[in-house]
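# Observations on the three-dimensional arrangement
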Amino acid sequence: DFVIYTEAYDTEIFNYIVDIAAGHIIASTILCRDYSKFQGKLNNLNIYLDTGIILNLIGYDGNNKTFAYEELITSLNEQKANLFIFQHTFDEVLVILSGCLEWINNPYYDPSKANPVLIHFYEQGYSKSDIELKIQNLEKDLGNHGIRVFQLSPQPLINEKDLMSLIISLYKEKDPYFDEIGKDNTIYRDVKSISYIYQLRNGQRPVGIRSAKFIFLNNPLDIPKSVN
């Protein structure tokens, strides 16, 4: 009753509850003592990671969740899951880093408008050359975590226009002031990711994780994707 009440009347507290729940899920996964029973059980599962997970994993958001995500990716590798990032997701990470490159020494830098990645770079005293190096090494860094960039020739099997409308409606259910125009690129990439997973599954409707074969893993916590 309390959770339902906060969802309806106290958004701030409800968002805290959502964060706590997401944190509990991650902590429970990391602290599970019975991983040995599942060793290699995901060897036929292909997991495609979203932007927020990548940013947390490589520590660019500066919010101290890097260790948790490293443990999660290590566990998935130990269970023989195949880890990928779609090319358009990889490009999105590059766009975010390139935006940081543009703003890092800009006299009009405003932390109230910056994303966590830029704020982290700024607070850590990063230079343009530091960020350029991170951009150059991005694919290598991902490879060190067993994550490969995946390029797929699109053959849409679902109506992407209807899917985009559905995603926008879900966002607006949570936030009536959701700016669909300002977030159109982010929504478009989400649509592409879902459409690609549907394409890879080739119309199959799995009933469990192991039988799914292809999964798009979104970030459990809300990571802003705008750049300054």
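A brief look at the structure comes next. Because the structure is a prediction, the values reported are computed rather than measured.

### As for the pattern of salt bridges
- Applying the stated criterion across every chain, the model contains three salt bridges.
- Where Glu160 meets Lys192, a salt bridge forms, and the shortest distance between an N and an O atom there is 3.5 Å. Residue Glu160 is found in helix H8 (residues 160–174), and its partner Lys192 is found in helix H9 (residues 184–201); the two are separated by 32 residues along the sequence. Lys192 carries the same exposure label as Glu160, and that label is buried.
- When the shortest N-O distance is used, the salt bridge between Glu180 and Lys172 registers 2.5 Å.
- On the basis of relative accessibility, which here comes to 30%, the residue Glu180 falls in the partly exposed class.

### A word on the sheet that holds strand E1 (residues 46–49)
- Here we have four strands laid out as an open sheet, ordered E3-E2-E1-E4, and parallel in their pairing. Looking at strand neighbours, the two that pair on one side only are strand E3 (147–150) and strand E4 (214–217), the edges of this open sheet. Strand-to-strand, the axes of this sheet are offset by a mean angle of 35 degrees, without reference to chain direction.
- Packed onto the sheet, H9 meets E1, strand E2 (82–86), E3 and E4 and runs at close to 165 degrees relative to E4.

### Brief notes about the packing of aromatic side chains
- Going through the model one piece at a time under the given rule, you end up with 10 aromatic pairs.
- Residues Tyr48 and Phe150 carry aromatic rings whose centres are separated by 5.5 Å and whose planes lie at 70 degrees to one another, so their mutual orientation is edge-to-face. Of this pair, Tyr48 sits in strand E1 while Phe150 sits in strand E3; the two residues are 102 residues apart in sequence, bridging distant segments of the chain.
- A network of ring pairs unites the aromatic residues Tyr48, Phe84, Phe86, Phe150 and Tyr196 as a single cluster.

### Considering the nonpolar core
- Ile54, Val117, Phe121, Leu142 and Ile147 are the most contacted members of the largest nonpolar core, which has 37 residues in total.
- Elements with a contribution of two residues or more to this core: E1, helix H3 (51–57), helix H4 (66–78), E2, helix H5 (87–103), helix H6 (116–123) and helix H7 (128–144).
- Ranked by residues supplied to this core, first place goes to H5 with seven residues.
- Counting nine residues, the second-largest nonpolar core is a separate cluster that includes Phe84, Ile197, Phe214 and Phe216.

### What about the packing of H8 against H9?
- The contact between H8 and H9 brings their axes to 10 Å, and the two run at 125 degrees. When the axis of H8 is compared with that of H9, the two are oblique. Helix-helix and strand crossings are classified by hand; for H8 and H9 the assignment is right-handed. Along the contact surface, H8 presents Glu160, Leu163, Met164, Ile167, Ile168 and Tyr171, while H9 presents Ile187, Tyr188, Asp190, Val191, Lys192, Ile194 and Ser195.
- Across the contact of H8 with H9, the residue classes break down as nine nonpolar, one polar and three charged.

### Quick look at H9
- With 18 residues, H9 should reach 26 Å at 1.5 Å per residue; the first-to-last C-alpha distance of 26 Å fits that figure.
- Every buried residue of H9 is accounted for by Thr186, Ile187, Arg189, Asp190, Val191, Lys192, Ser193, Ser195, Tyr196, Ile197, Gln199 and Leu200.
- Against E1, E2, H5, E3, H8 and E4 lie the buried residues of H9.
- After H9 finishes, the residue Asn202 shows a positive phi value of roughly 55 degrees.

Reading the values: rules and limits
Residues numbered from 1 in each chain as written. Predicted model: local features only at pLDDT ≥ 70, side-chain atom pairs only at ≥ 80, totals over all residues. Heavy atoms only, no water. Salt bridge = Lys/Arg side-chain N within 4 Å of Asp/Glu carboxyl O. Helix = DSSP H or I, 4+ residues; strand = E, 2+ residues; numbered from the N terminus. Buried < 20%, exposed > 50% of the residue type's maximum accessible area, 1.4 Å probe, protein only. Pairing = 2+ DSSP bridges. Axes fitted to C-alpha atoms, helices over the stretch in contact; angles between N-to-C directions. Contact = heavy atoms within 4.5 Å. Phe/Tyr/Trp six-rings, centres within 6.5 Å; stacked < 30°, edge-to-face > 60°. Core = buried A, V, L, I, M, F, W, Y, C linked by side-chain atoms within 4.5 Å. Parallel < 35°, antiparallel > 145°, perpendicular 65-115°, else oblique. Left-handed = near helix turned anticlockwise from the far one by under 90°. Nonpolar A, V, L, I, M, F, W, Y, C, P; charged D, E, K, R; others polar. Expected span 1.5 Å × (residues − 1).

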